[in-house]
Amino acid sequence: MATDTPAAAALQEELLRRARSRAARPAAAPAPVRRGPAPLSHAQRRMWLMDRLGHGDASYSVPFATRLRGPLDLDALAAALASLVRRHEILRTRYGQRGGEPYQEVLPAPEAIALRVVEADADGSGALLAEEAHRPFDLAAGPLPRALVLRHGEQDHTVLLTFHHIAIDGASLETVAGELARTYAAVAQGTAAEAEPAPAQYADFARREQAATGRLEAGLDHWAERLDGVRPLRLPRPAHPPADTRIRPAGVHTAPLAPGCRPPCANSAASTGPPCSPWRSPRPSPRCTASPARTTW
């Protein structure tokens, strides 16, 4: 098509304008697949299994405490927390089991989230916070966030929110704290909170992940072939596990390095920045051989 005529130039400008408009338009969130019970994602299944192996203890609770000095509107805090749970379905999801297979089911949004308010001296509040953080969740009933408010004075409070790790991780706490703070401020001031886009819901992601399970078959076949006949490694374990894992929740594995390892590690640390550690270990030098490891528990 000729482009040296006014009509052609105008058409090109219009096509470019439409293309820029589409590029600038934010991508639409994936539409929910359907409502009702959903399968667990791979990450959720691992967390659900670990919770069952832990016999319902509080190993996977995620406590989040903050000290607030100044006036605290408890009604506004309860309303802000209820708004948070309404927006994010994962915070009001229960985990059942049918035919040996776990599933997740979103519960109706609660009208309110109860706040437990306790009068407590600031210096002696640590035991109360630890006791609340160690209270286990019942995943089958639905791990709604728990809220504890310790009142140290008229304008001095500690607020503890406790979630389960199947619903939230450390990186998500920043999102929760920011949204909760904005909603609280709006409710306390009697103004409408700024409208935010509807968040993606995790159950929809779990459904899409399960629908794509067939794509994993090639990878599973590859590793099944590579690992065929391999004997499992003997992993270090405590000779006498403690009855209460909260007392000694983890073990320490030490592996002293041979003297020849120090220069390569030091050079690698100097060039890359992070210290030499088991989590950021450089490629070993041909001369570097570790001495026999010892394990302490």
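Structural data are supplied above this passage.
Since this is a predicted model, take the numbers as computed values, not measurements. (Residues numbered from 1 in each chain as written. Predicted model: local features only at pLDDT ≥ 70, side-chain atom pairs only at ≥ 80, totals over all residues. Heavy atoms only, no water.)

### Some words on the packing of aromatic side chains
This is how the line gets drawn: Aromatic pairs are defined between Phe, Tyr and Trp rings, using the six-membered ring for Trp, whenever the two ring centres lie within 6.5 Å; interplanar angles under 30 degrees are classed as stacked, those over 60 as edge-to-face, and all others as tilted. Numbering of helices and strands starts at the N terminus; helices are DSSP runs of H or I of at least 4 residues and strands are runs of E of at least 2. Think of it in three bands: residues with accessible area under 20% of the maximum for their type are buried, residues over 50% are exposed, and the middle band is partly exposed, with areas taken using a 1.4 Å probe on protein chains only. Cation placement over rings: the criterion is NZ of Lys or CZ of Arg within 6 Å of the ring centroid and within 35° of the ring normal.
Taken as a whole and judged by the stated rule, the model has one aromatic pair. The interplanar angle of 50° and the centroid separation of 5.3 Å between the aromatic rings of Tyr-202 and Phe-205 together place this pair among those described as tilted. Of this pair, Tyr-202 and Phe-205 both sit in helix H6 (residues 202-211), three residues apart, which is roughly one turn of that helix. Residue Tyr-202 is classed as partly exposed on the basis of its relative accessible area of 29%. Since its relative accessible area comes to 35%, Phe-205 is described here as partly exposed. Over the face of the ring belonging to Tyr-103 we find Arg-98, whose NZ or CZ atom lies 4.4 Å from the ring centre.

### A look at the pattern of salt bridges
How we decide: The term salt bridge refers to a side-chain nitrogen of Lys or Arg lying within 4 Å of a carboxyl oxygen of Asp or Glu.
In this structure the tally under the stated criterion is eleven salt bridges. For Arg-45, the salt bridge identified is with Glu-101, shortest N-O distance 2.8 Å. With a gap of 56 residues between them, Arg-45 in helix H2 (residues 42-53) and Glu-101 in strand E3 (residues 101-106) connect regions that are remote in the sequence. Overall, Arg-45 belongs to the partly exposed group, its relative accessible area being 34%. Arg-207 is paired through a salt bridge with Asp-204; the nearest N and O atoms lie 3.3 Å apart. Of this pair, Arg-207 and Asp-204 both sit in helix H6, three residues apart, which is roughly one turn of the helix. We classify Arg-207 as buried; its relative accessible area is 7%. Taking the relative accessible area as the measure of exposure, Asp-204 reaches 4% and is therefore buried. Each of Arg-87, Glu-179, Arg-182 and Glu-196 takes part in one network of salt bridges that share partners.

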